[in-house]
Amino acid sequence: MVYRACDFGSGAPGTRSGASSGTRSVTVEVSGEGTLELALDDGEMIAHLDIAPTAGPYAYASVTTPFDASGVHDLRIELRGPLRLAHVGFAGPLPPGP
């Protein structure tokens with residue numbers, strides 16, 4: 001699957017720790033067993049998730065892994081094995097505190 005022109009944030013410093021403000025993690029809801037890979041438009045794989053077998057084809061599990069991206073990119077998601085993908089979500093850093 002390819003998602004075009006995904007905006008992962010500016011990547012500019014913006015947190016108390018000085019980390020970039022781009023995307024920091026990805027969570028997927030999947031069922032089945034196999035591998036899920038995410039790559040940016042230039043082909044660089046930026047996340048690899050090994051999916052353990054679930055209880056059945058509709059028994060979805062949430063799996064989260066670090067994901068470091070900023071700027072606008074096409075995103076390629078590859079499913080290897082008998083997987084069902086229900087949801088893909090991205091999270092960035094927490095906003096600065098008071």
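The structure presented is a predicted model; accordingly, all values stated were derived computationally and were not measured.

A. View of a nonpolar patch on the surface. A contiguous nonpolar surface patch, about 270 Å² in accessible area, is contributed by Met1, Tyr3 and Leu79. The topology assignment puts Met1 in the segment before strand S1 (2-7).

B. Quick look at the sheet that holds strand S3 (residues 34-40). Strand order in the open sheet made by the four strands is S1-S6-S3-S4, with antiparallel pairing throughout. Because the sheet does not close on itself, it has two edges, and the strands there are S1 and strand S4 (45-51). Geometrically, the sheet is characterised by an average inter-axis angle of 20° between neighbouring strands, direction not taken into account. Where S3 meets S4, six bridges bridge the pair, whose relative direction is antiparallel. Paired with Gly34 across the strands is Ile51, a residue of S4.

Calculation notes
Residues numbered from 1 in each chain as written. Predicted model: local features only at pLDDT ≥ 70, side-chain atom pairs only at ≥ 80, totals over all residues. Heavy atoms only, no water. Patch = residues over 30% accessible without salt bridge, like charges linked within 9 Å, V, L, I, M, F, W, Y side chains within 5 Å. Areas by Shrake-Rupley, 256 points an atom, 1.4 Å probe, with all protein chains shown as cover. Salt bridge = Lys/Arg side-chain N within 4 Å of Asp/Glu carboxyl O. Helix = DSSP H or I, 4+ residues; strand = E, 2+ residues; numbered from the N terminus. Pairing = 2+ DSSP bridges. Axes fitted to C-alpha atoms, helices over the stretch in contact; angles between N-to-C directions.

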